[in-house]
Structures are given as structure tokens and as C-alpha cells.
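For reference, the chains in residue letters:
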Amino acid sequence: MSTVGIIGGGLGGLAAAATLAARGHKVTLLEKNGWLGGKAAVLEEQGFRFDMGPTILTMPRVLERVFGESGRNLGDYLDLRRLDPQWRCFYDDGTVLDLRNDPKEARAAIAALNAEDGPGFDRFMEVANRLSTVSDKFFFWKSVEDLRDTMNMKENFSLSTLSDVMALRMHRTVAGQIKKDIRDPRVRQMLEHFIQYVGSSPLASPAVLCGIAQMQQGEGVWYPMGGTRAVPVALTRLGEELGVDYRTGVDVQRIVVEDGRAVAVEADGEVMRFDKVVSNMDSVRTYKELIGGSAWTDFGYQKREAACSGVVLYLGLNKAYEHIAHHNFVFSRDPEEEFDAIYDRGVPAPDPTAYIAAPMRTEAGSPTACAPEGGEALYILVHTPHLRDGHDWSKMLPEYRQVIMDKLARAAGMEDLEERIVFERTLTPQDIHDRYKVLDGAIYGLVSHGKMMGAFKPGNRSRQVGDLYLAGGSAHPGPGMPMALMSGWIAADSLHQDAIANEPAMAAE
Ligand SMILES: Cc1cc2nc3c(=O)[nH]c(=O)nc-3n(C[C@H](O)[C@H](O)[C@H](O)COP(=O)(O)OP(=O)(O)OC[C@H]3O[C@@H](n4cnc5c(N)ncnc54)[C@H](O)[C@@H]3O)c2cc1C
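Residues numbered from 1 in each chain as written. Predicted model: local features only at pLDDT ≥ 70, side-chain atom pairs only at ≥ 80, totals over all residues. Heavy atoms only, no water.

Draft legend 1. Focus on the overall build of the protein. Looking only at helices and strands, the protein has 20 helices and 20 strands in total. Taken against the 2.2 N^0.38 rule, which gives 23 Å for 509 residues, the C-alpha radius of gyration of the protein at 22 Å falls within 12% of a compact globule. Expressed as a percentage of contacts within the protein between residues at least 6 apart in sequence, the contacts between residues at least 24 apart total 73%. Accessible surface for the protein amounts to roughly 19300 Å². Of this, 49% is attributable to carbon and sulfur atoms. On the protein, the mean spot of the 55 positive side-chain charges and the mean spot of the 70 negative ones are 4 Å from each other. (Helix = DSSP H or I, 4+ residues; strand = E, 2+ residues; numbered from the N terminus. Rg over C-alpha atoms; globule rule 2.2 N^0.38 Å. Contact = heavy atoms within 4.5 Å. Areas by Shrake-Rupley, 256 points an atom, 1.4 Å probe, with all protein chains shown as cover. Lys, Arg positive; Asp, Glu negative; His and termini not counted. Charge placed at Lys NZ, Arg CZ, Asp CG, Glu CD.)

Structural data, given as C-alpha cells:
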């Protein structure tokens, strides 16, 4: 079997490590920070515990597959609870709409706002379901870089393939698809927000990404007791059991390439040789900073832009808000104004959408409670543009914090929020950039804009460098917990298949 060096211990790196170790490879994982899990980090202080990055977990089947590689049962590692409602939505006009876990109840709540949108929601979910099936068939669980990798039209052409291609709706954006099916602006705004899971504008992203709605509505929103941080903790434990060698505090500066193949990595002057290398560092920065030369100039994604960034407020409260759910969106007054600011003009939205996580709704009274009794560990995320020239968040934060607080007072019934705060920390786009070595402070890798190519990301098996594989939110199939985990599995599977192909004797064993 191969010796494998993995650069980065985010979710993609950890999933790759566990999968490779389960298949018998000797894995060393090198992480620059003092913790494993990357953006899925935790902040614990003064009796409060906050997930610092991801808070919404969908598609647990991806985790099940990673744990299943070694015959393990996910349930022995994580206590997952299915949430209802999935989201509570607050609007400027005072409307409150719950996106319920049961599709029939979700439809009823939508139809109560606008009767025409009951059937409209059915039509939209039918399309989302089809797109999710097509994604499963052509995009997921294999290394994909462009259309050529998804389907071989010459060899596999059939009426069913043609119908799948038509289903992709390559002429349409996410917003265009929703507008076609839904009348009510509040329902449209809610459905458009699924695309924020990949940090992109619904006005510019391809309709195929409407499939995300089905992945959530059909498969649920889940909460691991103890917080989403429990996911990297569980993966790390799994890797340890399988013999992964984790080394934290190791910042890799170079991938050594000889005769077009990755043969070693270099960190602080130490060169470590491996048969194969997996990079969980941002894919663009991997090619640009760790390799360079013709691998960088031949890389087809140099011009791709970063997805959005964000500001997070971690607020410890001495008194809980009972009217909010576990996951909440407090929507902007005007989505077009908001998306234009974030994605086109590159400035923070004047009236943003704020996402609020209140995990005490699920954890109160449990041994893993994340706040003192009666209190709240509130997490507030507002998407912002990725870092541009002139963005200095040390100066921008105080003013923008006030914009967020005003929004929550106005639209989410939190007029006395300031008085309840007993603990506060923040995370800015600059912090995200520095902590996780991402592209321009991006939360979700590369932006998914472009009707034809928006869904594509750099493939997991490098076309430029032999024995190099990419895992993480800026590689295929994209960002978010399930996709980053899947990218790790695909990188590992591609590596394993290549190792077998090059060692026929081993394959016969
Ligand atoms: C604020 C915030 C909120 C989010 N909310 C959600 C959500 O609710 N739901 C959801 O599904 N997703 C969410 N996401 C996105 C999700 O967290 C990411 O898509 C996912 O965690 C990315 O995983 P990754 O494998 O790309 O690794 P990353 O988390 O990006 O980690 C990469 C790791 O590699 C290390 N590294 C980089 N370069 C080097 C180097 N040269 N040498 C050594 N180590 C290196 C970094 O230190 C880091 O630990 C959120 C992200 C953020 C920041």
C-alpha cells in the first residue's frame, strides 16, 4: 500500500485520512493549526460553547459512508438528532415562516402564505428532486473537473442520458427556476437562500444547484449533540483507531514535484517523502503557492473567484430567547440589493440577512448543554463579500456589528439583545483568511457562478501533477460539510484506485 501525506486537517482532510487508512494505506496528516477540523472549530469560554464555523449539518449519509469504509457504525460515534423546523424565517414585514421537516407540513405553511405557492412548491421540489438524482448520478462520488468527466456522450448516449442533460436546465439560474415556480416574494427569498450554502448569488448560479433544496428537505437537517464540532472529533477518533498519524503545528510550504509527480512535502525546512499527496488546503492556493510553475499556469481555475465570506458574532446571553428556533434566518429587506452588494459591488450589504443558531433549543437540559441554564450561546452569521483591496475589518467591524444588531432588533424581536450579552467574540473575513489559509477569506471555496460551469470545481485527481489529489470545499464537489466530506472520500478513492492500477499484484490479493 502507499504512504500518503495529507496537507490540512479540515473535514475533507480528515475524511480522506480515515478512508485511506481503512483501505490499508499509511497516512500522515499535517495540520498547521493546533486543532483538527479546520473551520469546524470550537470556542469554549466562561461556561459557553460555540461552534465557530459550520452549524447546519445535512446529508449524514456521506458520514455514514466514510465510517462504513471500516465497518463502523456512525451511531457509535455521533448522537445525531433530526431538527424540526429545519429553519425559522423572519421577514421585515413581521411574517414568520417555518420550513418544516415534514414536506407536507412545509407545503402547508407555504400555502398558508400564498395559496398558489402550494402547487408551486410541489413543482419546485419535483425539479429539485430530479436535479438531486442527476447530481448523484453524474457529479457525486467520483472525481469531476468539467463536463467531460460527468458523462461520456459518445459511449453512453441514450434517451435517458439526454433527458438527464435536459433536466440540468443549463439555460437557467437558481433564481430563474424559483421565479418560474413561486409567486410569493417571501417564499422565493427562503428558497433562494439554499444557494447561500455554497456562498453564491442565486441570480448567477446554475439551476442544477436547486438540488440542494431536495438534499435538505428530503434528507433532513441534523444536529450532533455536543455541536457540529463533534463531527471532526468523531472522524479524528476513527482515524486514530485506524492508525492515522496526526501532526498539528506543521505548516506545509511546498509540494515537491519530480518528473511531474508529487513525491514529498516540505515544512519548515523538513522534507517528508510520500508515495502520494492529498492537499486539503484551498485548491487555488495549493497550485499557486505550494507548487507553482507550469502546474499553476496550466491550472484551469486561476481566474475563478472566491465564494462569499462572513462575519460571525458569538454571543453568550444570560437569558434565552424562546421565540427563535435552533436555526433561523432573519431576511434582508431586498434580496437583489443584498446580493448585488455582496457579489457584484463587493461591499457589505446595507440591510443583510442574518443567520442565527441557538443550539440550546436542542441541548437545554442535556449533558452537552452549551450555555448555563436559562442562558443562550447565540451564533450570528452574516455573509459579506470575500476580501477585496481596501477591506480592513479591524476598522469595518464596529460599524457593521451595529448594522447587524439593528437588524435583529427590527426584524427578529431582539430589541434588548445588548442587555442580555455577558460574553462576546467575533470572527471576521480577515480572521477566516488567516486561520484557515483560504482564498480571499472565503467561507465556501470558489464561487458557483456561471450557468454552464458554475457547478464545476477543480477535480480531486490532479490533471497537472501525478500522485496529487485535492480534498476540501474548494475542490469537487464543492463546499459545505457534506460536500467537503465527500471530496475527502473521492480524493481517497481516486488515490486508492490509482494505487491498485499501478500495483497489479496487490489488486489480485
Ligand atoms: C462561519 C462559517 C459558517 C459555515 N456554516 C456552514 C454550515 O452551517 N453548514 C455547512 O455545511 N458548512 C458551513 N460552512 C462551510 C464548511 O465549514 C466548510 O465547507 C468545510 O468545513 C470546509 O472543509 P475543508 O475540508 O475545505 O477544510 P477547511 O475547514 O478549510 O480546513 C483546511 C485545513 O487545512 C489547513 N491548512 C491549510 N493550508 C495548510 C498548509 N499549507 N499546511 C498545513 N495545514 C494547512 C488549515 O489550517 C485548515 O485546518 C461554514 C464555514 C464557516 C467558516
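Draft legend 2. Molecular detail of the layout of surface pockets. Each pocket or cavity is described by its volume, and for the largest pocket that value is around 330 Å³. As for the largest pocket, its lining consists of 18 residues, of which Pro185, Arg188, Gln189, Glu192 and Pro335 are closest to the centre. Looking at the lining of the largest pocket, the elements with two or more residues in it are helix H8 (174-181), helix H9 (185-192) and helix H14 (335-345). In terms of residue count, the dominant contributor to the lining of the largest pocket is H9 (5 residues). The residue inventory of the lining of the largest pocket, partitioned by class, reads 8 nonpolar, 2 polar and 8 charged. Lining the second largest pocket we find 13 residues, and of these Val284, Arg285, Lys288, Leu439 and Asp440 sit closest to its centre. Among the elements that make up the lining of the second largest pocket, the one with the highest residue count is helix H12 (residues 283-291) (4 residues). (1 Å grid on protein atoms, 1.4 Å probe; cavity = no way out; pocket = protein on both sides within 12 Å on 5 of 7 lines; lining within 4 Å. Points joined across faces, edges and corners; volume = space filled by probe spheres on them. Nonpolar A, V, L, I, M, F, W, Y, C, P; charged D, E, K, R; others polar.)

Draft legend 3. Structural detail: the domain arrangement of the protein. Domain annotation of the protein identifies domain 1 (3-38 + 227-303 + 452-508) and domain 2 (103-223). Each of domain 1 and domain 2 has a C-alpha centre, and the two are 29 Å apart. The partner domain 2 presents 18 residues to the 22 residues of domain 1 that form the contact. Of the roughly 1800 Å² buried between domain 1 and domain 2 on both sides combined, carbon and sulfur atoms contribute 65%. Where domain 1 meets domain 2, there are 2 salt bridges. Across the salt bridge formed by Arg463 and Asp146, the nearest N and O atoms sit 3.0 Å from each other. Remark: the boundary between domain 1 and domain 2 carries 9 residue pairs in polar contact (both at pLDDT 80 or more). Of the residues in the side of domain 1 that touches domain 2, the class split is 12 nonpolar, 7 polar and 3 charged. (Domains from an automatic or database assignment. Buried area = accessible area lost by both parts, 1.4 Å probe. Salt bridge = Lys/Arg side-chain N within 4 Å of Asp/Glu carboxyl O. Polar contact = N/O pair within 3.5 Å; in protein donor to acceptor, adjacent residues only side chain to side chain.)

Draft legend 4. Seen up close, the environment of Gly218. Within the secondary structure, Gly218 sits in helix H10 (residues 211-219). According to the relative accessible area criterion, Gly218 is partly exposed, its value standing at 40%. Residues Gly218 and Asp102 lie 116 residues apart in sequence; the distance between their C-alpha atoms is 8.6 Å. Excluding residues within four positions of it along the chain, Gly218 makes contact with Arg82 and Ala213. (Buried < 20%, exposed > 50% of the residue type's maximum accessible area, 1.4 Å probe, protein only.)

Draft legend 5. Layout of the sheet that holds strand S20 (residues 468-470). Taken in spatial order, the 5 strands line up as S10-S2-S1-S14-S20 in an open sheet, and their pairing is parallel. The sheet is open, and its two borders are formed by strand S10 (245-248) and S20, each paired with just one other strand. Sheet twist, expressed as the average angle between the axes of neighbouring strands with direction ignored, equals 20 degrees. Pairing geometry for strand S2 (residues 26-31) and S10, over 4 bridges, is parallel. Counted as the bridge partner of Leu29 is Tyr246 from S10. (Pairing = 2+ DSSP bridges. Axes fitted to C-alpha atoms, helices over the stretch in contact; angles between N-to-C directions.)

Draft legend 6. The pattern of salt bridges, seen in detail. Tallied over the entire structure, the rule returns 38 salt bridges. Across the pair Asp79 and Arg81 runs a salt bridge whose closest N-O atoms are separated by 2.8 Å. By relative accessible area, Asp79 is classed as partly exposed at 37%. In this structure, the salt-bridge partner of Glu266 is Arg254, at a minimum N-O distance of 2.9 Å. Remark: Arg254 occurs in strand S11 (residues 254-258) and Glu266 occurs in strand S12 (residues 261-267); sequence separation between them is 12 residues. The structure contains a network of salt bridges with shared partners spanning Asp92, Asp351, Lys407 and Arg410.

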